[in-house]
Amino acid sequence: MEKTAANPDLRGKVIAILGSIAPEIEEAELRDDHPLRQQVDLDSMDWLNFLIGISEQLNVSIPEADYGRLVTLGDLLDYLRTKLG
Amino acid sequence: MFEFKLPSLGADMDEGKLLEWKVKPGDAVRKGQVVAIVDTSKAAVDVEIWQDGTVHELLIAPGETIPVGTVLATLLEPGEKPGAAPTARAPVAGRQRISPAARKRAEALGVDVARLKGSGPGGALTLADVDAAVATPAGSKAPAQVPAKAVDADKQTEMRRAIAAAMSRSKREIPHYYLLETIPMARAQQWLAGINAGRPITERLLMAVLQLKAVALALTKYPDLHGFFRDGRFEPAAAAHLGVAISLRQGGLIAPALHEVDKKPLDQLMRELTDLVKRTRAGSLRSSEMSDPTITVTNLGEQGVESVVGVIYPPQVALVGFGRVALRPWVEDDALCVMPTVVASLAADHRVSDGHRGALFLAELRARLQQPQDL
(Lines give C-alpha, C1' and ligand atoms only; values in the text may rest on other atoms or scores of the structure.)
Protein backbone atom coordinates (compact mmCIF):
# COMPACT_ATOMS: atom_id res chain seq x y z
CA MET A 1 0.00 0.00 0.00
CA GLU A 2 1.51 3.26 -1.11
CA LYS A 3 1.12 6.24 1.16
CA THR A 4 1.62 9.89 0.51
CA ALA A 5 2.06 12.73 2.96
CA ALA A 6 -1.08 14.49 1.81
CA ASN A 7 -3.17 11.32 1.99
CA PRO A 8 -1.76 8.89 4.50
CA ASP A 9 -4.30 6.23 3.65
CA LEU A 10 -6.00 7.06 0.39
CA ARG A 11 -6.63 3.41 -0.38
CA GLY A 12 -8.27 2.90 3.02
CA LYS A 13 -10.53 5.94 2.52
CA VAL A 14 -11.56 4.86 -0.96
CA ILE A 15 -12.32 1.34 0.23
CA ALA A 16 -14.35 2.71 3.14
CA ILE A 17 -16.47 4.67 0.64
CA LEU A 18 -16.77 1.55 -1.53
CA GLY A 19 -17.85 -0.38 1.57
CA SER A 20 -20.76 2.01 2.07
CA ILE A 21 -22.02 0.99 -1.39
CA ALA A 22 -21.03 -2.68 -1.27
CA PRO A 23 -20.89 -3.75 2.38
CA GLU A 24 -19.88 -7.30 1.49
CA ILE A 25 -16.39 -6.43 0.20
CA GLU A 26 -13.28 -7.73 1.92
CA GLU A 27 -10.42 -5.27 1.70
CA ALA A 28 -7.81 -8.00 1.61
CA GLU A 29 -9.44 -9.66 -1.40
CA LEU A 30 -9.58 -6.53 -3.54
CA ARG A 31 -6.95 -6.54 -6.28
CA ASP A 32 -5.63 -3.17 -7.38
CA ASP A 33 -4.92 -4.43 -10.89
CA HIS A 34 -8.31 -5.99 -11.71
CA PRO A 35 -11.32 -4.12 -13.13
CA LEU A 36 -13.10 -2.82 -10.05
CA ARG A 37 -16.67 -3.03 -11.34
CA GLN A 38 -16.20 -6.70 -12.09
CA GLN A 39 -14.62 -7.49 -8.75
CA VAL A 40 -17.30 -5.75 -6.77
CA ASP A 41 -20.41 -6.07 -9.01
CA LEU A 42 -21.18 -2.36 -9.21
CA ASP A 43 -23.94 -1.31 -11.58
CA SER A 44 -23.94 2.19 -13.06
CA MET A 45 -26.00 3.56 -10.15
CA ASP A 46 -23.57 2.03 -7.62
CA TRP A 47 -20.60 3.36 -9.60
CA LEU A 48 -22.08 6.85 -9.72
CA ASN A 49 -22.79 6.77 -5.98
CA PHE A 50 -19.25 5.54 -5.33
CA LEU A 51 -17.77 8.43 -7.33
CA ILE A 52 -20.14 10.91 -5.67
CA GLY A 53 -18.89 9.63 -2.29
CA ILE A 54 -15.28 10.09 -3.38
CA SER A 55 -15.82 13.55 -4.82
CA GLU A 56 -17.65 14.71 -1.70
CA GLN A 57 -15.40 13.15 0.92
CA LEU A 58 -12.07 13.82 -0.78
CA ASN A 59 -13.21 17.08 -2.34
CA VAL A 60 -12.21 16.29 -5.92
CA SER A 61 -14.24 16.77 -9.06
CA ILE A 62 -14.40 13.81 -11.43
CA PRO A 63 -15.67 14.75 -14.92
CA GLU A 64 -17.68 12.04 -16.63
CA ALA A 65 -15.20 12.12 -19.48
CA ASP A 66 -12.63 10.64 -17.06
CA TYR A 67 -14.76 7.64 -16.06
CA GLY A 68 -13.24 5.55 -18.86
CA ARG A 69 -9.76 5.84 -17.32
CA LEU A 70 -10.94 4.57 -13.95
CA VAL A 71 -11.01 0.85 -14.57
CA THR A 72 -9.01 -0.70 -11.75
CA LEU A 73 -8.66 0.37 -8.13
CA GLY A 74 -5.02 1.21 -8.97
CA ASP A 75 -6.16 3.48 -11.84
CA LEU A 76 -8.53 5.25 -9.49
CA LEU A 77 -5.89 5.73 -6.76
CA ASP A 78 -3.35 7.07 -9.29
CA TYR A 79 -5.98 9.41 -10.68
CA LEU A 80 -6.91 10.70 -7.23
CA ARG A 81 -3.27 11.18 -6.20
CA THR A 82 -2.70 13.31 -9.29
CA LYS A 83 -5.85 15.31 -8.58
CA LEU A 84 -5.04 15.78 -4.92
CA GLY A 85 -1.45 16.80 -5.70
CA MET B 1 -66.84 3.82 8.87
CA PHE B 2 -64.56 2.06 6.45
CA GLU B 3 -62.24 -0.90 6.65
CA PHE B 4 -58.52 -0.72 6.03
CA LYS B 5 -57.35 -4.00 4.52
CA LEU B 6 -53.85 -5.34 3.94
CA PRO B 7 -53.25 -4.43 0.28
CA SER B 8 -51.67 -6.77 -2.23
CA LEU B 9 -47.97 -6.02 -2.34
CA GLY B 10 -47.19 -7.97 -5.48
CA ALA B 11 -47.80 -11.37 -7.03
CA ASP B 12 -45.20 -13.00 -4.86
CA MET B 13 -46.78 -11.91 -1.60
CA ASP B 14 -49.99 -13.41 -0.26
CA GLU B 15 -49.46 -12.68 3.42
CA GLY B 16 -47.52 -10.37 5.65
CA LYS B 17 -46.55 -10.03 9.29
CA LEU B 18 -47.61 -6.85 11.00
CA LEU B 19 -44.48 -5.39 12.56
CA GLU B 20 -45.70 -2.08 13.87
CA TRP B 21 -48.61 0.35 13.92
CA LYS B 22 -47.63 3.95 13.14
CA VAL B 23 -51.02 5.26 14.29
CA LYS B 24 -53.38 4.75 17.24
CA PRO B 25 -57.14 5.07 17.65
CA GLY B 26 -58.23 8.70 17.41
CA ASP B 27 -55.40 9.71 15.05
CA ALA B 28 -56.42 11.62 11.93
CA VAL B 29 -54.77 10.17 8.81
CA ARG B 30 -54.32 11.53 5.30
CA LYS B 31 -54.45 9.57 2.08
CA GLY B 32 -50.97 8.20 1.37
CA GLN B 33 -49.85 8.35 5.01
CA VAL B 34 -47.88 5.36 6.30
CA VAL B 35 -50.01 3.73 8.99
CA ALA B 36 -48.30 0.37 9.51
CA ILE B 37 -45.15 -1.58 8.73
CA VAL B 38 -45.65 -5.08 7.37
CA ASP B 39 -42.90 -7.62 6.77
CA THR B 40 -43.13 -9.65 3.57
CA SER B 41 -41.06 -12.41 2.05
CA LYS B 42 -39.03 -9.74 0.29
CA ALA B 43 -38.86 -6.69 2.52
CA ALA B 44 -40.51 -4.72 5.27
CA VAL B 45 -43.04 -2.42 3.61
CA ASP B 46 -44.50 0.87 4.81
CA VAL B 47 -48.22 0.40 4.26
CA GLU B 48 -50.08 3.53 3.21
CA ILE B 49 -53.75 4.34 3.80
CA TRP B 50 -55.74 5.09 0.64
CA GLN B 51 -58.20 7.67 1.95
CA ASP B 52 -58.49 10.32 4.65
CA GLY B 53 -60.10 9.40 7.94
CA THR B 54 -59.70 8.94 11.67
CA VAL B 55 -58.43 5.70 13.12
CA HIS B 56 -61.25 4.03 15.03
CA GLU B 57 -59.94 0.64 16.01
CA LEU B 58 -56.84 -1.45 15.34
CA LEU B 59 -57.92 -5.07 14.80
CA ILE B 60 -54.59 -6.81 14.32
CA ALA B 61 -51.78 -6.85 16.82
CA PRO B 62 -48.10 -6.52 15.89
CA GLY B 63 -46.56 -9.96 15.44
CA GLU B 64 -49.57 -11.45 13.69
CA THR B 65 -49.18 -12.92 10.21
CA ILE B 66 -52.20 -12.13 8.09
CA PRO B 67 -53.29 -12.86 4.51
CA VAL B 68 -53.71 -10.10 1.93
CA GLY B 69 -57.19 -8.61 2.22
CA THR B 70 -57.39 -8.96 6.00
CA VAL B 71 -59.07 -6.00 7.71
CA LEU B 72 -56.29 -4.38 9.74
CA ALA B 73 -58.27 -1.50 11.19
CA THR B 74 -61.52 0.39 10.99
CA LEU B 75 -61.58 4.13 10.37
CA LEU B 76 -64.16 6.87 10.54
CA GLU B 77 -64.88 8.81 7.36
CA PRO B 78 -63.97 12.51 7.50
CA GLY B 79 -66.84 14.21 9.33
CA GLU B 80 -68.23 10.93 10.67
CA LYS B 81 -69.05 11.17 14.37
CA PRO B 82 -67.26 8.78 16.65
CA GLY B 83 -69.48 6.98 19.09
CA ALA B 84 -72.47 6.29 16.88
CA ALA B 85 -70.74 3.75 14.71
CA PRO B 86 -68.92 1.87 17.47
CA THR B 87 -72.19 1.30 19.31
CA ALA B 88 -73.75 -0.12 16.20
CA ARG B 89 -70.74 -2.34 15.76
CA ALA B 90 -70.35 -3.29 19.39
CA PRO B 91 -70.09 -7.04 19.58
CA VAL B 92 -73.27 -8.79 20.53
CA ALA B 93 -72.94 -10.45 23.92
CA GLY B 94 -71.51 -13.90 23.54
CA ARG B 95 -70.25 -13.28 20.03
CA GLN B 96 -66.52 -13.55 19.77
CA ARG B 97 -64.49 -10.96 17.88
CA ILE B 98 -61.87 -12.62 15.79
CA SER B 99 -59.30 -11.57 13.24
CA PRO B 100 -59.92 -12.95 9.73
CA ALA B 101 -56.61 -14.81 9.81
CA ALA B 102 -57.56 -16.42 13.11
CA ARG B 103 -61.00 -17.29 11.78
CA LYS B 104 -59.46 -18.93 8.74
CA ARG B 105 -57.02 -20.88 10.91
CA ALA B 106 -59.77 -21.89 13.34
CA GLU B 107 -61.89 -23.18 10.48
CA ALA B 108 -58.98 -25.10 9.05
CA LEU B 109 -58.21 -26.70 12.41
CA GLY B 110 -61.84 -27.23 13.42
CA VAL B 111 -61.52 -25.08 16.54
CA ASP B 112 -64.72 -23.80 18.14
CA VAL B 113 -63.94 -20.10 18.51
CA ALA B 114 -66.89 -19.47 20.84
CA ARG B 115 -65.04 -21.27 23.65
CA LEU B 116 -61.87 -19.22 23.33
CA LYS B 117 -60.77 -16.10 25.14
CA GLY B 118 -59.07 -13.52 22.92
CA SER B 119 -55.82 -11.79 23.77
CA GLY B 120 -55.86 -9.28 20.89
CA PRO B 121 -56.95 -5.65 20.91
CA GLY B 122 -60.36 -5.35 22.53
CA GLY B 123 -60.34 -9.04 23.41
CA ALA B 124 -60.30 -10.15 19.79
CA LEU B 125 -59.16 -13.67 19.03
CA THR B 126 -55.81 -13.77 17.29
CA LEU B 127 -53.94 -16.43 15.37
CA ALA B 128 -51.86 -17.09 18.48
CA ASP B 129 -55.03 -17.73 20.50
CA VAL B 130 -56.23 -20.30 17.97
CA ASP B 131 -52.83 -21.97 17.86
CA ALA B 132 -52.75 -22.05 21.65
CA ALA B 133 -56.18 -23.65 21.73
CA VAL B 134 -54.94 -26.43 19.48
CA ALA B 135 -51.86 -26.90 21.60
CA THR B 136 -53.91 -26.98 24.78
CA PRO B 137 -56.25 -29.99 25.18
CA ALA B 138 -59.92 -29.07 25.42
CA GLY B 139 -61.03 -28.45 28.99
CA SER B 140 -57.49 -28.15 30.22
CA LYS B 141 -56.94 -25.35 32.72
CA ALA B 142 -53.37 -24.96 31.65
CA PRO B 143 -52.55 -21.38 30.72
CA ALA B 144 -52.77 -20.73 27.00
CA GLN B 145 -49.40 -21.32 25.53
CA VAL B 146 -48.25 -20.32 22.09
CA PRO B 147 -46.60 -23.28 20.43
CA ALA B 148 -42.97 -22.68 19.70
CA LYS B 149 -42.94 -20.84 16.44
CA ALA B 150 -41.18 -22.50 13.62
CA VAL B 151 -37.80 -20.90 13.40
CA ASP B 152 -38.05 -17.98 11.02
CA ALA B 153 -37.21 -19.35 7.63
CA ASP B 154 -34.06 -17.87 6.27
CA LYS B 155 -35.06 -14.63 4.49
CA GLN B 156 -33.14 -15.63 1.41
CA THR B 157 -34.88 -18.96 1.12
CA GLU B 158 -38.20 -17.23 1.65
CA MET B 159 -37.52 -14.67 -1.05
CA ARG B 160 -36.35 -17.34 -3.47
CA ARG B 161 -39.53 -19.29 -2.82
CA ALA B 162 -41.66 -16.16 -3.36
CA ILE B 163 -39.93 -15.33 -6.64
CA ALA B 164 -40.23 -18.95 -7.78
CA ALA B 165 -43.96 -18.99 -7.00
CA ALA B 166 -44.65 -15.78 -8.91
CA MET B 167 -42.51 -16.80 -11.88
CA SER B 168 -44.00 -20.30 -12.01
CA ARG B 169 -47.47 -18.77 -12.00
CA SER B 170 -46.39 -16.42 -14.79
CA LYS B 171 -45.05 -19.24 -16.96
CA ARG B 172 -48.13 -21.37 -16.23
CA GLU B 173 -50.78 -18.72 -16.88
CA ILE B 174 -49.33 -16.20 -19.28
CA PRO B 175 -48.85 -17.14 -22.94
CA HIS B 176 -45.67 -15.14 -23.47
CA TYR B 177 -44.33 -13.98 -26.80
CA TYR B 178 -40.90 -12.44 -27.17
CA LEU B 179 -39.45 -9.83 -29.53
CA LEU B 180 -35.95 -8.38 -29.83
CA GLU B 181 -34.77 -5.16 -31.46
CA THR B 182 -31.26 -3.77 -31.76
CA ILE B 183 -31.32 -0.02 -31.17
CA PRO B 184 -28.52 2.37 -32.16
CA MET B 185 -27.53 4.45 -29.15
CA ALA B 186 -25.00 6.95 -30.57
CA ARG B 187 -27.40 9.88 -30.40
CA ALA B 188 -28.54 9.10 -26.87
CA GLN B 189 -24.95 8.61 -25.69
CA GLN B 190 -23.70 11.82 -27.27
CA TRP B 191 -26.62 13.81 -25.92
CA LEU B 192 -26.14 12.37 -22.44
CA ALA B 193 -22.37 13.01 -22.46
CA GLY B 194 -23.05 16.61 -23.49
CA ILE B 195 -25.57 17.13 -20.71
CA ASN B 196 -23.42 15.49 -18.04
CA ALA B 197 -20.22 17.32 -19.04
CA GLY B 198 -21.66 20.58 -17.78
CA ARG B 199 -23.02 19.19 -14.53
CA PRO B 200 -21.59 18.47 -11.10
CA ILE B 201 -21.43 14.75 -10.42
CA THR B 202 -24.45 14.83 -8.10
CA GLU B 203 -26.67 16.06 -10.94
CA ARG B 204 -25.56 13.72 -13.70
CA LEU B 205 -28.02 11.42 -15.43
CA LEU B 206 -27.69 7.71 -16.13
CA MET B 207 -28.59 6.10 -19.45
CA ALA B 208 -31.08 3.95 -17.51
CA VAL B 209 -33.20 7.04 -16.89
CA LEU B 210 -33.37 7.82 -20.62
CA GLN B 211 -34.36 4.23 -21.31
CA LEU B 212 -37.12 4.30 -18.68
CA LYS B 213 -38.53 7.57 -19.99
CA ALA B 214 -38.43 6.28 -23.59
CA VAL B 215 -40.32 3.13 -22.54
CA ALA B 216 -42.96 5.20 -20.73
CA LEU B 217 -43.45 7.53 -23.67
CA ALA B 218 -43.64 4.65 -26.15
CA LEU B 219 -46.28 3.00 -23.94
CA THR B 220 -48.61 5.97 -24.31
CA LYS B 221 -49.37 4.69 -27.83
CA TYR B 222 -49.62 1.04 -26.77
CA PRO B 223 -51.90 0.81 -23.74
CA ASP B 224 -52.35 -2.93 -24.33
CA LEU B 225 -48.79 -3.48 -23.09
CA HIS B 226 -49.22 -2.12 -19.60
CA GLY B 227 -51.84 -2.72 -16.98
CA PHE B 228 -53.17 -5.71 -15.11
CA PHE B 229 -54.74 -8.99 -16.23
CA ARG B 230 -57.08 -9.93 -13.39
CA ASP B 231 -60.13 -12.13 -13.08
CA GLY B 232 -60.00 -13.11 -16.72
CA ARG B 233 -59.84 -9.65 -18.19
CA PHE B 234 -57.40 -6.87 -18.94
CA GLU B 235 -57.47 -3.55 -17.09
CA PRO B 236 -55.40 -0.97 -18.95
CA ALA B 237 -53.07 1.12 -16.80
CA ALA B 238 -54.26 4.56 -15.75
CA ALA B 239 -50.67 5.81 -15.61
CA ALA B 240 -47.17 4.65 -16.58
CA HIS B 241 -45.85 3.32 -13.28
CA LEU B 242 -42.72 1.45 -14.33
CA GLY B 243 -41.51 -1.37 -12.11
CA VAL B 244 -37.72 -1.09 -12.04
CA ALA B 245 -35.99 -4.42 -11.41
CA ILE B 246 -33.43 -3.76 -8.68
CA SER B 247 -31.08 -6.52 -7.61
CA LEU B 248 -30.30 -6.79 -3.93
CA ARG B 249 -26.67 -7.17 -2.97
CA GLN B 250 -27.44 -10.17 -0.79
CA GLY B 251 -29.34 -11.85 -3.65
CA GLY B 252 -32.87 -11.68 -4.98
CA LEU B 253 -34.61 -8.76 -6.60
CA ILE B 254 -37.50 -6.36 -6.16
CA ALA B 255 -39.16 -4.30 -8.90
CA PRO B 256 -40.86 -1.34 -7.20
CA ALA B 257 -42.69 1.39 -9.08
CA LEU B 258 -41.25 4.60 -10.39
CA HIS B 259 -44.49 6.57 -10.66
CA GLU B 260 -45.83 8.43 -13.73
CA VAL B 261 -42.57 8.15 -15.63
CA ASP B 262 -44.08 9.55 -18.84
CA LYS B 263 -44.96 12.84 -17.16
CA LYS B 264 -41.74 13.64 -15.29
CA PRO B 265 -38.59 15.41 -16.51
CA LEU B 266 -35.37 13.36 -16.60
CA ASP B 267 -33.81 15.23 -13.66
CA GLN B 268 -36.73 14.37 -11.42
CA LEU B 269 -36.71 10.76 -12.62
CA MET B 270 -33.00 10.49 -11.84
CA ARG B 271 -33.54 11.78 -8.30
CA GLU B 272 -36.49 9.46 -7.78
CA LEU B 273 -34.64 6.45 -9.21
CA THR B 274 -31.63 7.13 -6.98
CA ASP B 275 -33.93 7.33 -3.96
CA LEU B 276 -35.86 4.22 -5.01
CA VAL B 277 -32.70 2.12 -5.41
CA LYS B 278 -31.38 3.34 -2.08
CA ARG B 279 -34.61 2.57 -0.25
CA THR B 280 -35.05 -0.80 -1.97
CA ARG B 281 -31.61 -1.88 -0.84
CA ALA B 282 -32.23 -0.49 2.64
CA GLY B 283 -35.56 -2.36 2.84
CA SER B 284 -37.71 0.76 3.10
CA LEU B 285 -40.39 0.65 0.41
CA ARG B 286 -43.95 1.92 0.42
CA SER B 287 -46.96 -0.27 -0.30
CA SER B 288 -47.92 1.76 -3.39
CA GLU B 289 -44.46 1.14 -4.84
CA MET B 290 -44.98 -2.60 -4.44
CA SER B 291 -48.49 -2.77 -5.87
CA ASP B 292 -48.53 -0.07 -8.57
CA PRO B 293 -46.11 -1.18 -11.33
CA THR B 294 -48.00 -1.55 -14.61
CA ILE B 295 -45.02 -3.03 -16.51
CA THR B 296 -41.51 -4.04 -15.48
CA VAL B 297 -38.24 -2.84 -16.99
CA THR B 298 -35.09 -4.85 -16.36
CA ASN B 299 -31.60 -3.81 -17.28
CA LEU B 300 -29.13 -6.67 -17.16
CA GLY B 301 -26.68 -4.97 -19.48
CA GLU B 302 -24.85 -3.75 -16.40
CA GLN B 303 -23.72 -7.31 -15.82
CA GLY B 304 -22.49 -7.45 -19.38
CA VAL B 305 -25.09 -9.59 -21.12
CA GLU B 306 -26.02 -8.99 -24.73
CA SER B 307 -29.76 -9.19 -24.12
CA VAL B 308 -32.33 -10.30 -21.57
CA VAL B 309 -35.64 -11.98 -22.35
CA GLY B 310 -37.82 -11.64 -19.29
CA VAL B 311 -40.61 -13.41 -17.43
CA ILE B 312 -43.69 -11.21 -16.96
CA TYR B 313 -44.52 -10.34 -13.35
CA PRO B 314 -48.22 -11.09 -12.88
CA PRO B 315 -50.72 -9.47 -13.02
CA GLN B 316 -48.72 -7.25 -15.41
CA VAL B 317 -48.85 -8.05 -19.13
CA ALA B 318 -45.39 -7.13 -20.40
CA LEU B 319 -41.75 -6.73 -19.50
CA VAL B 320 -39.08 -4.73 -21.31
CA GLY B 321 -35.44 -5.79 -21.05
CA PHE B 322 -32.27 -3.94 -21.96
CA GLY B 323 -28.93 -5.60 -22.57
CA ARG B 324 -25.52 -3.96 -22.56
CA VAL B 325 -24.89 -0.76 -24.50
CA ALA B 326 -21.67 -1.58 -26.38
CA LEU B 327 -19.81 -0.80 -29.59
CA ARG B 328 -20.84 -3.21 -32.33
CA PRO B 329 -20.51 -3.43 -36.12
CA TRP B 330 -23.43 -1.63 -37.76
CA VAL B 331 -24.58 -0.70 -41.22
CA GLU B 332 -25.69 2.85 -41.83
CA ASP B 333 -26.12 4.56 -45.23
CA ASP B 334 -24.89 1.38 -46.94
CA ALA B 335 -21.60 1.52 -45.07
CA LEU B 336 -20.19 -0.55 -42.27
CA CYS B 337 -19.45 1.44 -39.14
CA VAL B 338 -18.90 1.03 -35.42
CA MET B 339 -21.98 1.97 -33.40
CA PRO B 340 -22.97 1.80 -29.75
CA THR B 341 -26.11 -0.34 -29.71
CA VAL B 342 -28.40 -2.00 -27.23
CA VAL B 343 -30.71 -4.97 -27.65
CA ALA B 344 -34.15 -4.13 -26.27
CA SER B 345 -36.55 -7.00 -25.72
CA LEU B 346 -40.26 -7.26 -25.09
CA ALA B 347 -41.94 -10.17 -23.37
CA ALA B 348 -45.69 -9.67 -23.63
CA ASP B 349 -48.96 -11.44 -22.88
CA HIS B 350 -50.76 -12.97 -25.85
CA ARG B 351 -54.07 -12.78 -24.02
CA VAL B 352 -53.88 -9.01 -24.40
CA SER B 353 -51.67 -8.17 -27.38
CA ASP B 354 -50.12 -9.70 -30.50
CA GLY B 355 -46.59 -9.69 -31.82
CA HIS B 356 -47.55 -7.05 -34.37
CA ARG B 357 -48.42 -4.58 -31.62
CA GLY B 358 -45.29 -5.53 -29.72
CA ALA B 359 -43.18 -4.91 -32.81
CA LEU B 360 -44.73 -1.48 -33.28
CA PHE B 361 -43.98 -0.69 -29.65
CA LEU B 362 -40.30 -1.62 -30.02
CA ALA B 363 -40.09 0.50 -33.18
CA GLU B 364 -41.57 3.40 -31.22
CA LEU B 365 -39.07 2.81 -28.40
CA ARG B 366 -36.24 2.84 -30.90
CA ALA B 367 -37.51 6.08 -32.44
CA ARG B 368 -37.84 7.74 -29.03
CA LEU B 369 -34.22 6.89 -28.19
CA GLN B 370 -33.10 8.61 -31.42
CA GLN B 371 -34.60 11.88 -30.12
CA PRO B 372 -33.02 12.08 -26.64
CA GLN B 373 -33.62 15.84 -26.43
CA ASP B 374 -37.36 15.16 -26.44
CA LEU B 375 -37.25 12.69 -23.56
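Keep in mind that this is a model prediction, so the values were computed, not measured.

Conventions used here
- Each chain has its residues counted from 1, following the order in which its sequence is written.
- Chain letters start at A and ligand numbers start at 1, both assigned in the order the entries are written.
- Under the rules for a predicted model, residues below a pLDDT of 70 receive no local features and side-chain atom pairs below 80 are neither given nor counted, while totals for whole chains, interfaces and linings still include all residues.
- The basis for the side-chain values is all heavy atoms of the structure; hydrogens and waters are excluded.
- Between N-to-C directions, angles span 0 to 180 degrees; the directions come from axes that are lines fitted to C-alpha atoms, helices contributing only their stretch in contact.
- Starting at the N terminus, helices and strands are each numbered in turn, a helix being any DSSP run of H or I of at least four residues and a strand any DSSP run of E of at least two.
- Left-handed describes a crossing whose near helix is turned anticlockwise from the far helix through less than a right angle; right-handed describes the clockwise counterpart.
- We call two residues contacting when some pair of their heavy atoms lies within 4.5 Å.
- Salt bridge criterion: a side-chain nitrogen from Lys or Arg within 4 Å of a carboxyl oxygen from Asp or Glu.
- Only protein chains enter the accessibility calculation, which uses a 1.4 Å probe; a residue whose area is less than 20% of its type maximum is buried, one above 50% is exposed, and one in between is partly exposed.
- At least two DSSP bridges between two strands are needed for those strands to be called paired.
- Patch definition: residues with relative accessible area over 30% and no salt bridge; like charges joined within 9 Å; nonpolar side chains (Val, Leu, Ile, Met, Phe, Trp, Tyr) joined within 5 Å.
- We get accessible surface area from the Shrake-Rupley algorithm with a probe of 1.4 Å; when it comes to residues, only the shown protein chains can shield them.
- Accessible area, probed at 1.4 Å, shrinks when two parts are joined; the buried area is that loss added up over both.
- Amino acid classes used here: Ala, Val, Leu, Ile, Met, Phe, Trp, Tyr, Cys and Pro are nonpolar; Asp, Glu, Lys and Arg are charged; the rest, including Gly, are polar.
- For our purposes a nonpolar core is just a set of buried Ala, Val, Leu, Ile, Met, Phe, Trp, Tyr and Cys residues, chained together by side-chain atoms within 4.5 Å.
- Start and end points for every domain follow an automatic or database-based domain assignment.

### Considerations on the packing of helix H1 (residues 10–21) of chain A against helix H4 (residues 73–84) of chain A
All names here are of chain A.
For step 1, the next point in the chain: Closest axis-to-axis distance for the H1/H4 pair is 11 Å, and the angle between their directions is 115 degrees. Where H1 crosses over H4, the two elements pack in a sense that is right-handed. Facing Leu10, Arg11, Val14 and Ile15 of H1, the residues of H4 in contact are Leu73, Leu76, Leu77, Leu80, Arg81 and Leu84.

### A short note on unusual backbone geometry
All names here are of chain B.
For step 1, the next point in the chain: Residue proline 315 is reached from proline 314 by a cis peptide bond, and omega for that bond is 5 degrees.
For step 2, the next point in the chain: Within the fold, proline 315 resides in the loop between strand S17 (295–299) and strand S18 (318–322).
For step 3, the next point in the chain: A positive phi angle, close to 50 degrees, is found at aspartate 333, a residue other than glycine.
For step 4, the next point in the chain: In this fold, aspartate 333 is placed in the loop between strand S19 (326–332) and strand S20 (335–349).
For step 5, the next point in the chain: One non-glycine residue, aspartate 334, lies in the positive phi region at around 65 degrees.

### As for the pattern of salt bridges
For step 1, the next point in the chain: Under the definition given, this model contains 26 salt bridges over all chains.
For step 2, the next point in the chain: Salt-bridge contacts for arginine 169 of chain B lead to glutamate 173 of chain B; the nearest nitrogen and oxygen are separated by 3.2 Å. Linking arginine 169 of chain B with glutamate 173 of chain B, this pair stays in helix H4 (residues 155–173), spanning four residues, or about one helical turn.
For step 3, the next point in the chain: Classification of arginine 169 of chain B as partly exposed rests on a relative accessible area of 27%.
For step 4, the next point in the chain: A salt bridge links glutamate 235 of chain B to arginine 230 of chain B; its shortest N-O distance comes to 2.9 Å.
For step 5, the next point in the chain: Salt bridges here are not isolated pairs; linked through shared partners, they connect Glu24, Asp43 and Asp46 of chain A together with Arg249 and Arg281 of chain B.

### What to know about the sheet that holds strand S7 (residues 65–67) of chain B
Residues and elements named next belong to chain B.
For step 1, the next point in the chain: Pairing in this open sheet of five strands is mixed, and the strands run S7-S2-S4-S5-S16 from one edge to the other. A single partner strand is all that each edge strand has here, and the edge strands are S7 and strand S16 (285–286).
For step 2, the next point in the chain: Where strand S4 (residues 34–39) and strand S5 (residues 44–48) come together, five bridges link them in antiparallel fashion. Note that in S5 the partner of valine 38 across the bridge is valine 45.

### Some words on the sheet that holds strand S6 (residues 53–58) of chain B
For step 1, the next point in the chain: Taking strand neighbours across the sheet as the criterion, the four strands line up as S1-S8-S6-S3 (chain B) in an open arrangement whose pairing is antiparallel. This sheet does not close on itself; its edge strands, each paired only once, are strand S1 (2–5) and strand S3 (28–29) of chain B.

### Some thoughts on a nonpolar patch on the surface
All names here are of chain B.
For step 1, the next point in the chain: Together, Tyr178, Leu180 and Val309 give the surface a local cluster of nonpolar side chains, amounting to about 270 Å² of exposed area.
For step 2, the next point in the chain: Relative to the elements of secondary structure, leucine 180 occurs in strand S9 (residues 176–184).
For step 3, the next point in the chain: We classify leucine 180 as exposed; its relative accessible area is 52%.

### A closer look at the interface of chain A and chain B
For step 1, the next point in the chain: Of the residues lining the interface, 22 residues belong to chain A; the matching set on chain B comes to 16 residues.
For step 2, the next point in the chain: Both faces combined, the contact of chain A with chain B buries some 1400 Å², and carbon together with sulfur accounts for 51% of it.
For step 3, the next point in the chain: Viewed at the interface, chain B and chain A are joined by four salt bridges.
For step 4, the next point in the chain: Between aspartate 46 of chain A and arginine 281 of chain B there is a salt bridge; the shortest N-O distance is 2.7 Å.
For step 5, the next point in the chain: Contributing elements (two or more residues each) for the side of chain A that touches chain B: helix H2 (36–40) and helix H3 (44–57) of chain A.
For step 6, the next point in the chain: Sorting elements by how many residues they give to the side of chain A that touches chain B places H3 of chain A first, with nine residues.
For step 7, the next point in the chain: Classifying every residue of the side of chain A that touches chain B gives 12 nonpolar, three polar and seven charged.

### Examining the nonpolar core
For step 1, the next point in the chain: The biggest cluster of nonpolar side chains holds 104 residues, and the ones touching the most others in it are Val14, Phe50 and Ile54 of chain A together with Leu242, Phe361 and Leu365 of chain B.
For step 2, the next point in the chain: Considering every element that reaches this core, the biggest residue donor is helix H6 (residues 207–219) of chain B, with 10 residues.
For step 3, the next point in the chain: Two domains each put at least three residues into this core: domain 1 (2–135) and domain 2 (156–374) of chain B.
For step 4, the next point in the chain: In contact with phenylalanine 361 of chain B, not counting residues within four places along its chain, are Val215, Ala218, Leu219, Tyr222, Leu225, Val320 and Leu346 of chain B.

### Considerations on the pairing of S6 of chain B
Residues and elements named next belong to chain B.
For step 1, the next point in the chain: Taking burial as the measure, the six residues of S6 include five buried ones, the bulk of the element.
For step 2, the next point in the chain: Two strands pair when backbone bridges link them, and S6 and strand S8 (residues 71–76) are joined in this way by four bridges, in the antiparallel orientation. Residue glutamate 57 lies in a different strand from S8, and its bridge partner there is threonine 74.

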